[in-house]
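Residues per chain are reported as follows:
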Amino acid sequence: MKTLIADATIVNEGSVFHGALLMENDVIEAVYEGDPPHHCQYDSLIKATGCYVLPGVIDSHVHFREPGLTHKADMASESRAAAAGGVTSFFDMPNTNPPTVSLDALADKWRRAAQDSVVNYAFFFGATNDNYSLFAQLDRSRLPGVKLFMGSSTGNMLVDRKEALKAVFAEAHMPVMAHCEDTQIINSNMQRICQTHGDDPDVRLHPLVRSREACLASTRLGIEMAQQEGARFHVAHLTTAEELALITPYSGQGPLPQVTAEAVVAHLCFTDADYAALGTRIKCNPSVKTAADRDALRRALTDGRIATVATDHAPHLLAEKQGGCRRAASGMPMVQFSLRYMLQLADEGVLPLPRVPMLMAHQPAQLFGVRERGFLRPGYKADVVVVRRTEPTAVSAAEVLSKCGWSPLEGTALQWQVEYTFCNGHPVYAHGHLHEETRGEMIRFDHDA
């Protein structure tokens, strides 16, 4: 089966050009600049006049909540939300119930995803204070890396012993992705603020509890450990200008830096001024911080200090978001709207259009060693998204496909729509309709060490 997407604007590997893309079964057969040759044969034609064709998004940071927390999200619901947003591959985090810190728990997640996910899937193996002896038994070709919680987290996965931290970095032999917040600083902040503001302080104080100092101290420690042990280190959801100063820019070419950083859409979108209107809907860890921090993150999208953009997609029921700093759940669903929002930022001049697939597909593939995905190249898997610029339309709760049923972007006007999402050559999403019979594939990886 051959499908030709013709008369499109292709955005790929730093270039924007009029062209066409030919898929055969599950792979890309050809990318044409200009019109395809007259002898080009195909079974199905998509006339993509006025549309843009990009590689499918690789969201390298999601929480799809399965197993154990499926009342608010699961592989089926969240992979469908991903497909509707042009996301063709996801890397899921280990803080589920049970956490993905054993070989059996990892195998169980692979089984669940093969059964229910409509897009491609991979799972981080979670580090604990005492499970690093298992790393040698892992099939690294099926893992993006090890996820390390260096600060307060859900799932009792905090790694807080120096010798354990050192062992994690030494034994991983693949990227270590870390949530960096210093637990002692957070606990001290919470105790001090509760003395003045009661047992559950207003969410507007969340950036003072989950403070910039807590982020900076932990990130510095992670970088120090990685450098000592020679490990590749990716700082998850970086939030402060001070942390950005610790990151060496990555051009996308040449050897990979030892230390790289991720920004997530929430921190590129919201600031602490938004707590007044949105309250706990934008409560997340690390916290949304100042406009100056957001603007620094936005600048870093272009200067190379931010290497990947993901979502930290973390659904909760709205009932679980009630309360303040202590009681309201932290996290928000974002996977369905991340690409559309980033394209909006490109329209606003925050970053050039080619940087969007660079940050959301090319560089996630490079940094984690994704095999034959993340680029529009002949021979690569046909993970492709077709988008169209439209009249601005406000995001509504009715269009949210995540099981939790809400989005912090409700009411935000976006002027891009996803027309098609192809996953391994299959049209999993087309013109507002999901093809739910399709299933994604396990992502494969090539790690240097």
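Parameters and conventions
- Think of each chain on its own: its residues are numbered from 1, step by step along the sequence as written.
- Side-chain atom pairs in this predicted model are given and counted only at pLDDT of 80 or more, local residue features only at pLDDT of at least 70, and totals for whole chains, interfaces and linings cover all residues.
- For the side-chain quantities, the full set of heavy atoms in the structure was used; hydrogens and water were omitted.
- Helix and strand definitions here come from DSSP, where helices need a minimum of 4 consecutive H or I residues and strands a minimum of 2 consecutive E residues; each element is numbered from the N-terminal end.
- The buried label goes to any residue with under 20% of its type's maximum accessible area, the exposed label to any with over 50%, and the partly exposed label to all in between, with areas taken from a 1.4 Å probe on protein chains only.
- By definition, residues are in contact when any of their heavy atoms lie within 4.5 Å.
- Here, Shrake-Rupley sampling with a 1.4 Å probe gives the accessible areas, and only protein chains in the shown set may cover a residue.
- Positive residues here are Lys and Arg, negative ones are Asp and Glu, while His and the chain termini are left out of the count.
- Charge placement uses NZ in Lys and CZ in Arg. For Asp and Glu, CG and CD serve respectively.
- Polar contact is defined as a pair of N or O atoms within 3.5 Å, subject to the rule that within protein one atom must be able to donate a hydrogen and the other to accept it, and that residues adjacent in sequence are counted only when both atoms are side-chain atoms.
- By this definition, two strands are paired if DSSP reports at least two bridges between them.
- Helix axes are fitted only over the stretch in contact, all axes being lines through C-alpha atoms; the angle between N-to-C directions runs from 0 to 180 degrees.
- The term nonpolar core refers to a set of buried residues drawn from Ala, Val, Leu, Ile, Met, Phe, Trp, Tyr and Cys, joined through side-chain atoms within 4.5 Å.
- Expected helix span is taken as 1.5 Å per residue step, with the number of steps being one fewer than the number of residues.
- Points on a 1 Å grid, built from protein atoms alone, make a cavity when a 1.4 Å probe fits but cannot get out and make a pocket when they are open with protein on both sides within 12 Å along at least 5 of 7 lines; residues with an atom within 4 Å of a point are the lining residues.
- Grid points are joined across faces, edges and corners, and a volume is the space filled by probe spheres set on the points.
- Charged means Asp, Glu, Lys or Arg here, nonpolar means Ala, Val, Leu, Ile, Met, Phe, Trp, Tyr, Cys or Pro, and polar covers whatever is left, Gly included.
- Every case where a carboxyl oxygen of Asp or Glu lies within 4 Å of a side-chain nitrogen of Lys or Arg is listed as a salt bridge.

### Description of the overall build of the chain
For the chain, the helix and strand inventory stands at twelve helices and 18 strands. Buried residues in the chain amount to 61% of all 449 residues. Contacts in the chain between residues far apart in sequence, at least 24 positions, make up 75% of those at least 6 positions apart. For the chain, the accessible area works out to roughly 16200 Å², and carbon and sulfur atoms hold 48% of it. When the 41 basic and 52 acidic side-chain charges of the chain are each reduced to a single mean position, those positions are 3 Å apart.

### As for the environment of His 237
Checked against the element boundaries, His 237 lands in the loop between strand S12 (233-235) and helix H7 (241-244). Residues His 237 and Pro 315 lie 78 residues apart in sequence; the distance between their C-alpha atoms is 16 Å. Each residue touching His 237, except ones within four places of it in the same chain, is listed here: His 61, His 179, Glu 262, Val 264, His 267, Asn 285, Pro 286 and Asp 312. Within the structure, His 237 has its side chain in polar contact with the side chain of His 179 (distance 3.3 Å).

### Looking at helix H1 (residues 75-84)
Of all ten residues making up H1, nine are buried, and the element is well covered by its neighbours. Buried within H1 are the following residues: Met 75, Ser 77, Glu 78, Ser 79, Arg 80, Ala 81, Ala 82, Ala 83 and Ala 84. On the buried face of H1, the contacting elements are strand S7 (87-92), helix H2 (103-116), strand S8 (120-123), strand S16 (413-423), strand S17 (426-430) and strand S18 (433-434). The opening residue of H1 is Asp 74, an N-cap whose side-chain oxygen sits 3.1 Å from the backbone nitrogen of Ala 76. Once H1 finishes, Gly 86 follows within two positions and takes phi at roughly 80°, a positive value.

### Some thoughts on the sheet that holds S12
Strand order in the open sheet formed by six strands is S9-S10-S11-S12-S13-S14, and the pairing between neighbours is parallel. The sheet is open, and its two borders are formed by strand S9 (125-126) and strand S14 (308-310), each paired with just one other strand. Bridge analysis of strand S11 (residues 176-179) against S12 gives three bridges, and the strand direction is parallel. If you follow Met 177 over to S12, its bridge partner there is His 234. Running at roughly 160° to strand S10 (residues 146-149), helix H3 (residues 162-171) makes contact with S10, S11 and S12 of the sheet.

### A short note on the nonpolar core
Core analysis: the biggest nonpolar cluster contains 94 residues, and Leu 148, Phe 233, Ile 306, Val 309, Leu 339, Met 342 and Val 387 have the highest contact counts within it. With six residues, helix H11 (residues 338-347) is the largest single contributor of residues to this core. Not counting residues up to four positions away in its chain, the partners in contact with Leu 339 are Leu 54, Val 57, Gly 85, Gly 86, Val 356, Met 360, Val 385 and Val 387.

### With respect to the side chain of Ser 89
Residue position: Ser 89 is located in strand S7. Those residues in contact with Ser 89 that lie beyond four places of it in its chain are Val 57, Ile 58, Asp 59, Asn 120, Arg 373, Asp 383 and Ile 443.

### Here's the deal with H2
A rise of 1.5 Å per residue sets the reference length of H2, with its 14 residues, at 20 Å; its end C-alpha atoms lie 20 Å apart and thus fit the reference within 8%. Listing the buried residues of H2 in full gives Ala 105, Leu 106, Asp 108, Lys 109, Trp 110, Ala 113 and Asp 116. The secondary structure elements touched by the buried residues of H2 are H1, S7, S8 and S9.

### Points about the environment of Leu 54
Within the secondary structure, Leu 54 is located in strand S5 (residues 51-55). On the basis of relative accessible area, Leu 54 is assigned to the buried category, the value being 2%. Expressed as a C-alpha distance, the spacing of Leu 54 and Gly 374, which sit 320 residues apart in the sequence, is 9.4 Å. Dropping the residues within four chain positions of it, Leu 54 is found in contact with Val 11, Leu 339, Leu 343, Pro 357, Leu 376, Val 384, Val 385 and Val 387.

### Some words on empty space enclosed by the protein
Evaluation of the coordinates by the stated rule reveals three cavities of 30 Å³ or more. Here the largest cavity is characterised by a volume of approximately 60 Å³. Taken together, Val 264, Ala 266, His 267, Cys 284, Thr 311, Asp 312, Ala 314, Gly 331 and Met 332 make up the full set of residues lining the largest cavity. Class assignment of the residues belonging to the lining of the largest cavity gives a composition of five nonpolar, three polar and one charged.

### Considerations on unusual backbone geometry
A cis amide bond links Asn 97 with the next residue in sequence, Pro 98, at an omega value of 5°. Tracing the sequence through the fold places Pro 98 in the loop between S7 and H2. The omega torsion across Asn 285 and Pro 286 is -5°, close enough to zero to call that bond cis. Along the polypeptide, Pro 286 turns up in the loop between helix H9 (275-278) and helix H10 (291-303). Phi at Asp 7 takes a positive value of approximately 60°, unusual for a residue other than glycine. Within the secondary structure layout, Asp 7 lies in strand S1 (residues 2-12).

### A short note on the side chain of Lys 321
On the secondary structure map, Lys 321 appears in the loop between S14 and H11. As a buried residue without a salt bridge, Lys 321 has its nearest oppositely charged side chain in Glu 320, at a separation of 8.8 Å. Non-local contacts of Lys 321, meaning those with residues more than four positions away in its chain, are made with Thr 280, Arg 281, Lys 283, His 316, Ala 328, Ala 329, Ser 330, Gly 331 and Trp 406.

### Re the sheet that holds S8
Spatial ordering of the open sheet is given by S6-S7-S8, a layout of three strands whose pairing is parallel. Looking at strand neighbours, the two that pair on one side only are strand S6 (57-62) and S8, the edges of this open sheet. Going across the sheet, the axis of each strand differs from the next one's by a mean of 20°, ignoring polarity. With four bridges joining them, S7 and S8 adopt parallel strand pairing. Bridging from a neighbouring strand, Ser 89 pairs with Asn 120 of S8. Running over the sheet, H2 touches S7 and S8 and is turned about 170° from S8. The sheet strands contacting helix H12 (residues 355-368) are S6 and S7, and the helix crosses S6 at an angle near 60°.

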